[in-house]
Amino acid sequence: MKTPSKTCAMCGTTFFRKKKITHKRWEETRTCGRACGTRLTARDPAWRQRVGEGRKAYFAANPEAKAALVVRANAQLASFRHLADRAKAGRTKSQMALGWCPPEWLDQYKKWRRDYGATTAREMVEGEIADAEKRRLAALTPLQRRTEEQIKRVQAGAGLITVPVMRRAEHDFSLTGNALVAM
Ligand SMILES: [Zn+2]
């Protein structure tokens, strides 16, 4: 049986005795010595200073090594950009294809699409959504329905205006005469 032995202070990975568990800075850093140890080292300003100066001196003495590094770095950057563009294009394409479908219906749509094909599946989902909306509206009181219609009209760009009630001449305002009117 493996016995947990050491836990990395940064990523929490536990190491087992059977694995090679120590590296030369374990006592000092308590990190796993892979990515974590490297990251920790890279945070040390003294280390960065020392390595930075070493690199500067090396590249100053070897201009062709510097040129080669620039070429490699640019190639790497171009490949990252290419991958990022591809990923973005893929996301946009699937968003466009499924943009009509509310997220909560996506799983059901995909199931139906597998069984009945895309066109039928979409009709089925849209039918279900329309039925649910009909049921919801039927359950509303007339006042709730009217309020909702007014909110929808305002959301669609209608203005909120005050309709003066002429018969109440003693006031220049009315608490009951304010209404939402589509412009
Ligand atoms: Zn770690």
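Model, not experiment: these values are computed from the prediction. (Residues numbered from 1 in each chain as written. Predicted model: local features only at pLDDT ≥ 70, side-chain atom pairs only at ≥ 80, totals over all residues.)

Let us now look at the overall build of the chain. The helix and strand tally for the chain stands at 7 helices and 2 strands. Starting at the N terminus and ending at the C terminus, the chain contains elements arranged as β-β-α-α-α-α-α-α-α. Within the chain, contacts between residues at least 6 apart in sequence are counted, and of these 20% link residues at least 24 apart. (Helix = DSSP H or I, 4+ residues; strand = E, 2+ residues; numbered from the N terminus. Contact = placed C-beta atoms within 7 Å.)

Quick look at the confidence of the model for the chain now. With 78% of its residues at a pLDDT of 70 or more, the chain has an overall mean of 80. Strand β2 (residues 14-16) is the least confidently modelled element of the chain, averaging 71 in pLDDT, while helix α3 (residues 45-61) averages 92, the highest of any element. (pLDDT = per-residue confidence, 0-100.)

This part is about the environment of lysine 111. Here lysine 111 shows up in helix α5 (residues 106-116). Here the alpha-carbon distance between lysine 111 and alanine 121, two residues 10 residues apart in the chain, equals 8.4 Å.

Turning to the packing of α5 against helix α6 (residues 118-139), a few remarks are in order. Angle between the axes and distance between the axes: these two values describe a pair of packed helices. Taken N-terminus to C-terminus, the directions of α5 and α6 make an angle of 140 degrees; their axes are 7 Å apart at the nearest point. By the angle class used here, α5 and α6 are oblique. Handedness of the crossing formed by α5 with α6: right-handed. Residues Gln108, Tyr109, Trp112, Arg113 and Tyr116 of α5 form the contact with α6, whose participating residues are Ala118, Thr120, Ala121, Met124 and Val125. Residue composition of the contact of α5 with α6, grouped by class: 7 nonpolar, 2 polar and 1 charged. (Axes fitted to C-alpha atoms, helices over the stretch in contact; angles between N-to-C directions. Parallel < 35°, antiparallel > 145°, perpendicular 65-115°, else oblique. Left-handed = near helix turned anticlockwise from the far one by under 90°. Nonpolar A, V, L, I, M, F, W, Y, C, P; charged D, E, K, R; others polar.)

Okay, the environment of methionine 124 next. With respect to the helices and strands, methionine 124 occurs in helix α6. Here the alpha-carbon distance between methionine 124 and arginine 113, two residues 11 residues apart in the chain, equals 9.7 Å.

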